[in-house]
Amino acid sequence: TDDDPALRELAVLACKNLGVDLSSSLVGSLQHRLNDPDVHIRSEILDVLGWLGREAIDAIPAIVGVMLYDKDSPICERAARALSAIDPRLDRVTICLTELAIDAPSMEGILGRLRLIGADATRLRHQFQAAYDKQSAQGRDVLAVDDGATPASSAGLAGQVTGSTNADDTLA
């Protein structure tokens, strides 16, 4: 049943056995499970999403939410690694973070969280800082990305982490 953590974990692990083509069709279901109360299940989901790489691009806002709001540090680190695997240039991840940085305190909160995550988020922290600075200097609301990426909705991010037992933290 849905109440059994062992069965939920087996279902997530089975995704890798399905292969990328079939597993990629499950990205929506996996990202909605990122707020699972079981840390092992969240961990496995992040591993599967990272393994899917660019096939999991639509999960970026949800994974960013986990990286910033989850109370379990190893989960935040796994989220940062999954984001790097899904978006190697970190363009869409940077857009998502920049949309969340609506003012200097929120930017500092995000940077502080990325510092706490450590080495797994170093490149992302530097790229986010540079993008935020560039956006602020240009007075722009939306960051341009070379690959034509559409900005991730920060409202969508909030909606995807709503209801999570781990989304109660604030960034500031």
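In case you missed it, the structure is sitting above this.
Residues numbered from 1 in each chain as written. Predicted model: local features only at pLDDT ≥ 70, side-chain atom pairs only at ≥ 80, totals over all residues. Heavy atoms only, no water.

**Focus on the overall build of the chain**
Secondary structure assignment for the chain yields 10 helices and 0 strands. Listing every helix and strand of the chain by position from the N terminus yields α-α-α-α-α-α-α-α-α-α. Within the chain, contacts between residues separated by at least 24 positions form 71% of all contacts whose residues are at least 6 apart in sequence. As presented, the chain carries roughly 8,300 Å² of accessible surface, and 52% of it is formed by carbon and sulfur atoms. (Helix = DSSP H or I, 4+ residues; strand = E, 2+ residues; numbered from the N terminus. Contact = heavy atoms within 4.5 Å. Areas by Shrake-Rupley, 256 points an atom, 1.4 Å probe, with all protein chains shown as cover.)

**Quick look at the packing of aromatic side chains**
Taken as a whole, this structure holds 1 aromatic pair when the rule is applied. Ring geometry for F128 and Y132: centres 6.1 Å apart, planes at 45°, overall tilted. With F128 and Y132 both in helix 9 (residues 122-138), this residue pair falls 4 residues apart, about one helical turn. The burial state of F128 is the same as that of Y132; both residues are buried. (Phe/Tyr/Trp six-rings, centres within 6.5 Å; stacked < 30°, edge-to-face > 60°. Buried < 20%, exposed > 50% of the residue type's maximum accessible area, 1.4 Å probe, protein only.)

**Re unusual backbone geometry**
Non-glycine residue L90 carries a positive phi angle of around 65°. You can see L90 is positioned in the loop between helix 6 (73-86) and helix 7 (91-100). When its relative accessible area of 1% is taken as the criterion, L90 is described as buried.

**Focus: the packing of helix 5 (residues 60-69) against helix 6**
Between helix 5 and helix 6, the shortest axis-to-axis distance is 8 Å and the interhelical angle comes to 150°. Relative to helix 6, helix 5 is oriented roughly antiparallel. Here the hand of the crossing between helix 5 and helix 6 comes out left-handed. Between helix 5 and helix 6, the contacting residues are I60, I63, V64, V66 and M67 on the first element and I75, C76, A79, A80, L83 and I86 on the second. (Axes fitted to C-alpha atoms, helices over the stretch in contact; angles between N-to-C directions. Parallel < 35°, antiparallel > 145°, perpendicular 65-115°, else oblique. Left-handed = near helix turned anticlockwise from the far one by under 90°.)

Shape is all these values report; function is a separate question.
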